[in-house]
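# A look at the structure
Here is what each chain is made of, one letter per residue.
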Amino acid sequence: LRALGLIGTDDTARRLGALVRRWSAPGAGGTATRIGWVLEALARLGSDVALMQLDAIARKNRIATARHAAAEKLAQAAAERGLSGDELEDRIAPDLGLDERGGLLLDFGPRQFHVGFDEALVPFVRESVEGRPGARLATAPRPRASDDAERAAAAAERFKALKQDAATVAAQQPPRLERAMRTGRGWPVEDFRRFIAGHPLMRHLAERLVWGVTEGGRDARGLTLLRAAFRVSAEGEWVDADEVPQTLDDGAAARIVVAHPLQLSAAQIAAFAQQFADYELIQPFEQLHRAVHAPREDERALTALTRWSGRIARPGPLWALESRGWLRGRGGGGAYDHAWQGLSGGRALALRFGPGLDNAGAGEDQTLDVLHHGHPFGELDPIVFSEAVRDIDALGAR
């Protein structure tokens, strides 16, 4: 494994990532030491594909020690490059060898196939008919006797590698952009062009979302103001709700954000939704039709909400809160009895429940208690409040 970390290729990184997933399966007997050796090899490789595998392990692996160790390796890689964690994630999204329009041509000799991607970044193929993409095929093309054997074999191998990398990216990038919408993370205009709108793979997601331009100002509700809202067209233009191309400056204060529906007017939501319907574009996650919430007038001065108190929630959804940005909180006896998320200014939100969960994925039903803030909920960022309520409602509490 040490040798592979020095002389391995991107295919090595893919196989090492698969090895960690196999060792981490229930009953597979993978030890923290063995998995640690693989993580060290991936870190030594240091390529974008290797770091992508580390990121997948840090987010999805069922073994907590593996997740934490992979996260440490990523933090070290970011520090070595002088980047934040978010900036590193921008840079390790692979282009998968796609052309500047986000496509790929598979050449079988007499037959050619165009590769495209759906809203979940799952690749599909269309046979080229007189130079234009034809009907979408349900499965990858199989070589025929009339094909050029050497070209067909190379194209089939290329598509196989593409599917492997795309599956890893698909598990990372849509949730990353949804997380950016929830937290208000923004990109300098030039970084947005380079890593999102103009990126051969990420552009497939960029075209299915509504984006906003902000300079940091807030309205009377405390919402970050959008100077403009736009989507990215298939031609790469940035167009508004009326499909008018927009020219955006690269001012130092300007940031591009994934627009939250709270930041958009009803007219904008309707117009952009119609555009997506017209172009048959499905969004990678709920954005325009996302449920939004606000504190009731009698809750604005409260520091703890009791609207869910006494409801019953299953263990599985409570464990899954971590995928939405919540952290697991432990009580005095070591049981997982609250989920929390840190906020700016040293503040936090905490959802309490009991009697608590001892083992991941197991345990009895839990009774929800309160959502605690410690400060009046009327002072909380409206998007943070809305997303917290949405997460708790999604627990299926009864």
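Reading guide: rules and limits
Residues numbered from 1 in each chain as written. Predicted model: local features only at pLDDT ≥ 70, side-chain atom pairs only at ≥ 80, totals over all residues. Heavy atoms only, no water. pLDDT = per-residue confidence, 0-100. Helix = DSSP H or I, 4+ residues; strand = E, 2+ residues; numbered from the N terminus. Phe/Tyr/Trp six-rings, centres within 6.5 Å; stacked < 30°, edge-to-face > 60°. Buried < 20%, exposed > 50% of the residue type's maximum accessible area, 1.4 Å probe, protein only. Pairing = 2+ DSSP bridges. Axes fitted to C-alpha atoms, helices over the stretch in contact; angles between N-to-C directions. Contact = heavy atoms within 4.5 Å. Expected span 1.5 Å × (residues − 1). Parallel < 35°, antiparallel > 145°, perpendicular 65-115°, else oblique. Left-handed = near helix turned anticlockwise from the far one by under 90°. Nonpolar A, V, L, I, M, F, W, Y, C, P; charged D, E, K, R; others polar.

## Notes on the confidence of the model for the chain
Averaged over all residues, the pLDDT of the chain is 89; the fraction at 70 or higher stands at 97%. Per-element confidence in the chain ranges from a low mean pLDDT of 76 for strand β4 (residues 132-137) to a high of 97 for helix α10 (residues 266-278).

## Focus: the packing of aromatic side chains
As enumerated under the stated definition, the model contains 9 aromatic pairs in all. Judged by centre distance (5.2 Å) and plane angle (70 degrees), the ring pair of Phe108 and Phe113 falls under edge-to-face. Classification of Phe108 by relative accessible area gives buried; the value is 1%. Given the relative accessible area of 1%, Phe113 is considered buried. Measuring from ring centre to ring centre gives 6.0 Å for Phe192 and Phe230, while their planes differ by 80 degrees; the resulting arrangement is edge-to-face.

## Describing the sheet that holds β4
Taken together, the 4 strands give an open sheet; going across it, the order is β1-β2-β3-β4, and neighbouring strands pair in antiparallel fashion. With partners counted over all chains shown, the strands left at the sheet margins are β1 (104-107) and β4, one partner each. Mean inter-strand twist for the sheet, computed between neighbouring axes without regard to direction, equals 40 degrees. Bridging between β1 and strand β2 (residues 112-117) involves 4 bridges; their strand directions are antiparallel. Across the sheet, residue Leu106 finds its bridge partner in β2, namely Phe113.

## A look at the side chain of Glu207
Tracing the backbone through its elements, the reader meets Glu207 in the loop between α9 (203-206) and β6 (211-214). The exposure class assigned to Glu207 is buried, which follows from its relative accessible area of 14%. Once residues lying within four places of it in the same chain are set aside, the contact partners of Glu207 are Val232, Ser233, Ala234, Phe276 and Leu281.

## Considerations on helix α4 (residues 48-60)
For α4, which comprises 13 residues, the first-to-last C-alpha distance of 18 Å matches the rise-based estimate of 18 Å (1.5 Å per residue) to within 8%. By the criterion of burial, α4 is predominantly enclosed, with 10 of the 13 residues buried. Inspection of α4 places Val49, Ala50, Leu51, Met52, Gln53, Leu54, Asp55, Ala56, Ile57 and Ala58 among the buried residues, and these make up the whole buried set. Against the buried residues of α4 lie α2 (10-23), α3 (32-45), α5 (64-80), α6 (85-91) and α7 (149-183).

## Some remarks on the packing of α3 against α5
Packing of α3 against α5 brings their axes to within 10 Å, and their N-to-C directions diverge by 20 degrees. As the angle between them shows, α3 and α5 are arranged roughly parallel. In the crossing of α3 with α5, the sense of the turn from one axis to the other is right-handed. Counted together, Ala32, Ile35, Leu39, Glu40 and Ala43 of α3 and Thr65, Ala66, Ala69, Ala70 and Lys73 of α5 form the full contact between these two elements. Here the contact of α3 with α5 is built from residues that sort into 7 nonpolar, 1 polar and 2 charged.

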